[in-house]
Amino acid sequence: MATTEPAARPGDERRIIVMMGAPGAGKGTQAERLATALGLPHISTGQLFREALHGDDPLGARVRRYVESGGLVPDEIVVQIVRQRLAQPDAAAGAILDGFPRTVAQAEALDELLARSGTSVCAALYVEVGADMLLERLTGRRICSADDQHVFHVVARPPRTEGVCDLCGAELYQREDDAPETVQSRLDTQLPPMYEVVDHYADAGVLYPVRGDKPAEDVTQDLLHALATIRASV
Ligand SMILES: [Zn+2]
């Protein structure tokens, strides 16, 4: 049936959803699951960067220069990449942003960008996991010394015999990257800016925290429930 109603029916607004969570909170997995459940594209900035790096457009070349020199990609370029992606037809009804915004400056740039088309972030979903569990998840990986495709996790996928690869019997080891001190210093760098972004969305009245220390399916249900309450209250 053709519609002649105004476009601004509350339930039909463009839904821009921001996924937030510390490394190890399962944010990427949840973004993926929500995207499927809601029929919206999952826009991962990590993925966009990888694509930009391999693309041949001028923006990709600029990203490559920063990445190759080991520097951070400036906000202006990050925002430009996200803006281009949001302009794609599949994002017309909305999108789930994963890995962006990382800083308050990026969050403000996103607000401005959306305001130009009369929209705003409808929900910032925050998957909360306590520090102890984050450390457990992030330091539990064990790699086979004979084949680095044989990957285990002391909690999530333990080998039958501690320290021994199930697949080939070789010794398992912990990567430098997964050592507690390395993980802790990474968290110390990454968490403070994330908390500022969390506060930004709390101030805007669109923050929805959900406990992430449950099975992934339960977390997804809680997130969908949080989104349903927003729609019901519009
Ligand atoms: Zn092995």
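Residues numbered from 1 in each chain as written. Predicted model: local features only at pLDDT ≥ 70, side-chain atom pairs only at ≥ 80, totals over all residues. Heavy atoms only, no water.

Points about unusual backbone geometry
Which entries qualify depends on this criterion: A run of DSSP states H or I qualifies as a helix once it reaches four residues; a run of E qualifies as a strand once it reaches two. Both are numbered from the N-terminal end.
With an omega of -5 degrees, the peptide bond running from Phe100 to Pro101 counts as cis. Structurally, Pro101 is set in the loop between β3 (94-98) and α5 (104-115).

Focus on helix α2 (residues 45-54)
Going by this rule: Burial classes follow relative accessibility: with a 1.4 Å probe on protein chains only, a residue under 20% of its type's maximum area counts as buried, one over 50% as exposed, and anything between as partly exposed. By construction, the arc corresponds to the directions joining the helix axis to the C-beta atoms. Should any heavy atoms of two residues lie within 4.5 Å, those residues are considered in contact.
Turning to α2, its buried residues number three or more, namely Thr45, Leu48 and Ala52. With its buried residues spanning 50 degrees around the axis, α2 presents them on a single face. Contacts from the buried residues of α2 go to β2 (42-44), α3 (58-68), α4 (75-86) and β3.

A short note on the nonpolar core
What counts here: We call a set of buried residues a nonpolar core when its members are Ala, Val, Leu, Ile, Met, Phe, Trp, Tyr or Cys and they connect through side-chain atoms within 4.5 Å of each other.
Membership of the largest hydrophobic core comes to 55 residues, with the highest contact counts inside it found for Leu86, Leu97, Leu110 and Tyr201. With seven residues, the single largest contributor to this core is helix α7 (residues 180-203). Among all residues touching Leu86, those that are not within four sequence positions of it are Arg14, Ile16, Ile43, Ala91, Ala95, Leu97, Leu110, Leu113 and Leu114. In this structure, Cys144, Cys165, Ala170 and Leu172 belong to the second largest nonpolar core, which totals five residues.

Observations regarding the coordination of the zinc ion
Quick reminder of the rule: The donor set covers N, O and S atoms within 2.8 Å of the metal, switching to 3.2 Å for Na, K and Ca, and it leaves out water, so a site may look short of donors. Tetrahedral means four donors with every angle between 85 and 135 degrees, whereas square planar (four donors) and octahedral (six donors) require angles over 155 degrees between opposite donors and between 65 and 115 for all others; sites fitting neither are termed irregular.
Every protein donor of the zinc ion is accounted for by Cys144 (SG), His150 (ND1), Cys165 (SG) and Cys168 (SG), and the metal-donor separations fall at 2.2 to 2.3 Å. The coordination sphere of the zinc ion comprises four donor atoms, whose angles at the metal cover 99 to 115 degrees; the geometry is tetrahedral. Counting the intervening residues between successive donors of the zinc ion yields the motif C-x5-H-x14-C-x2-C. Here Cys144 is found in strand β5 (residues 141-144), whereas its partner Cys165 is found in the loop between β6 (151-153) and β7 (172-173), with 21 residues between them in sequence. Note on accessibility: Cys144 and Cys165 belong to one class, buried.

Digging into the confidence of the model for the chain
Spelled out, the test is: Scored between 0 and 100, pLDDT is the confidence that the predictor attaches to each residue.
Averaged over the chain, the pLDDT score is 90; the fraction of residues at 70 or greater is 93%. Across the chain, β7 holds the top mean pLDDT of 98, while α3 sits lowest at 83. Across residues 1-11, confidence stays below pLDDT 50; counting only partners more than four residues off in sequence or on other chains, it has two contacts.

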